[in-house]
Amino acid sequence: MNFDPKKYKIYTWKSGVMLHWIINPGLAINELILGQRIPKVSLEDKTVDKPRVERSYVPCPHCKTLHDSRTWSTQNGTGFKNWFGLYCPDCGEVIPCLMNAFTFIILAVTFPLWGWFRGILRKVWLDKQAQRFEQLGFESVYNPFAGSGWVKQGLIWAAFMYVLMTLIFPLLTNDPITQKDVLVGVPIWLVGGLIFGYFLKRFMDKKGDSAVT
Ligand SMILES: [Zn+2]
């Protein structure tokens, strides 16, 4: 599909945010457990003076429909459980998605366990999709990163990553947890969390070219 580059900014795996989705090991959890997925191609209307979430679109390569990106959102109860990709409510096909590198490795290693059932699992999943997308709403979504919300969101993320990387990860790999790791991890994740929160605030609030940003 071709898109007007004057009207749309086109995001693919080469864009910074998408690359982050691929290389951040923590996001494999979002993909594998929560079923949160990012489409291979998404568009941002550069000409509209609205927050990013209200001017983002996902094209379906099967039926060429340009979907509002909020078609798959927590607001509509469709942001998760998208293990096989983003279901297109217009044509019933599945929109291809990016895959986190660690998800890929985990899936490849465990393939003998689930590979046999892939077709059945996909069918069971696909059969459930149409009804999930029957009633979609696109009113403005509350942005938890707006105002000073990014501090709270950043700290929640930092706490989650701290526990995961400092405590749970060493347990899984059988590495000793040292006092130094426990202490050093606090400032690292604190700063990391605040950067993450602020980055997302800027990202989600960002308006189109017609606005001063
Ligand atoms: Zn479609």
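Refer to the structure presented above.
Residues numbered from 1 in each chain as written. Predicted model: local features only at pLDDT ≥ 70, side-chain atom pairs only at ≥ 80, totals over all residues. Heavy atoms only, no water.

### A closer look at the layout of surface pockets
Test applied: Within this scheme a cavity is a closed region of a 1 Å grid, computed over the protein atoms alone, that accommodates a 1.4 Å probe without allowing it to escape, whereas a pocket is open but has protein on both sides within 12 Å along at least five of seven lines; lining residues each have an atom within 4 Å of a point. Grid points are joined across faces, edges and corners, and a volume is the space filled by probe spheres set on the points. Secondary structure elements follow DSSP: runs of H or I no shorter than four residues count as helices, runs of E no shorter than two count as strands, and numbering proceeds from the N terminus. For this classification, the nonpolar set comprises Ala, Val, Leu, Ile, Met, Phe, Trp, Tyr, Cys and Pro, the charged set comprises Asp, Glu, Lys and Arg, and every other residue, Gly included, is treated as polar. Each domain's extent was defined by an automatic or database domain assignment.
Counted as a void, the largest pocket has a volume near 1800 Å³. Around the largest pocket, the lining comprises 50 residues; the ones closest to its centre are W21, Q36, I38, L200 and M204. Secondary structure elements with two or more residues in the lining of the largest pocket: α1 (16-23), α2 (27-34), β2 (42-45), β3 (56-59), α6 (149-173) and α7 (179-205). Looking at the lining of the largest pocket, the element that brings in the most residues is α7, giving seven residues. Each residue belonging to the lining of the largest pocket can be placed in one class, and the counts come to 30 nonpolar, 16 polar and four charged. Counting contributing residues, the lining of the largest pocket receives three or more from each of domain 1 (8-132) and domain 2 (149-205). In this structure, the second largest pocket spans a volume of roughly 660 Å³.

### Quick notes on the pattern of salt bridges
Defined as follows: Think of a salt bridge as a Lys or Arg side-chain nitrogen and an Asp or Glu carboxyl oxygen that are within 4 Å of each other. Throughout, exposure labels follow a simple rule: accessible area from a 1.4 Å probe, protein chains only, divided by the maximum for the residue type, with under 20% read as buried, over 50% as exposed, and the rest as partly exposed.
Summed over all chains, the structure comprises six salt bridges. Note that E44 is salt-bridged to R55, the shortest N-O span being 3.1 Å. Pair noted here: E44 is in strand β2 and R55 is in the loop between β2 and β3, with a separation of 11 residues, a long-range link. Taken individually, E44 and R55 each receive the classification buried, so the pair is uniform in this respect. The shortest N-O distance in the salt bridge between D127 and K123 comes to 2.9 Å. Of this pair, D127 and K123 both sit in helix α5 (residues 118-132), separated by four residues, roughly a single helical turn. You can call D127 exposed: its relative accessible area is 56%. A cluster of three or more residues bridged by salt bridges with shared partners is formed by E44, R52 and R55.

### Some points on the pairing of β3
Walk down a regular strand and you will see the side chains alternate between the two sheet faces. Quick note on the threshold: In short, DSSP must find at least two bridges between two strands for them to pair.
Relative to β3, β2 is paired through two bridges, and the arrangement is antiparallel. Bridge pairing in β3 places E44 opposite S56. Strand direction decides the pairing type here: β3 and strand β4 (residues 66-68), joined by three bridges, are antiparallel. Among the inter-strand pairings, V58 is bridged to a residue of β4, identified as H67. The hairpin formed by β3 and β4 contains six residues between the paired strands, and K64 there has a positive phi angle of roughly 65 degrees.

### What about the packing of aromatic side chains?
Test applied: Any pair of Phe, Tyr and Trp rings, taking the six-membered ring for Trp, is counted once the centres come within 6.5 Å. Such a pair is stacked with planes under 30 degrees apart, edge-to-face with planes over 60 apart, and tilted for the rest.
Evaluation of the coordinates by the stated rule reveals eight aromatic pairs. Note on Y8 and Y57: the rings are 6.4 Å apart at their centroids and 75 degrees apart in plane angle, and the pair reads as edge-to-face. Linking Y8 in strand β1 (residues 8-11) with Y57 in strand β3, this pair joins segments that are 49 residues apart in sequence. Take Y8: its relative accessible area is 13%, and that puts it in the buried class. Classification of Y57 by relative accessible area gives partly exposed; the value is 22%. A ring pair is formed by F84 and W125, whose centres lie 5.4 Å apart and whose planes are at 50 degrees; its orientation type is tilted.

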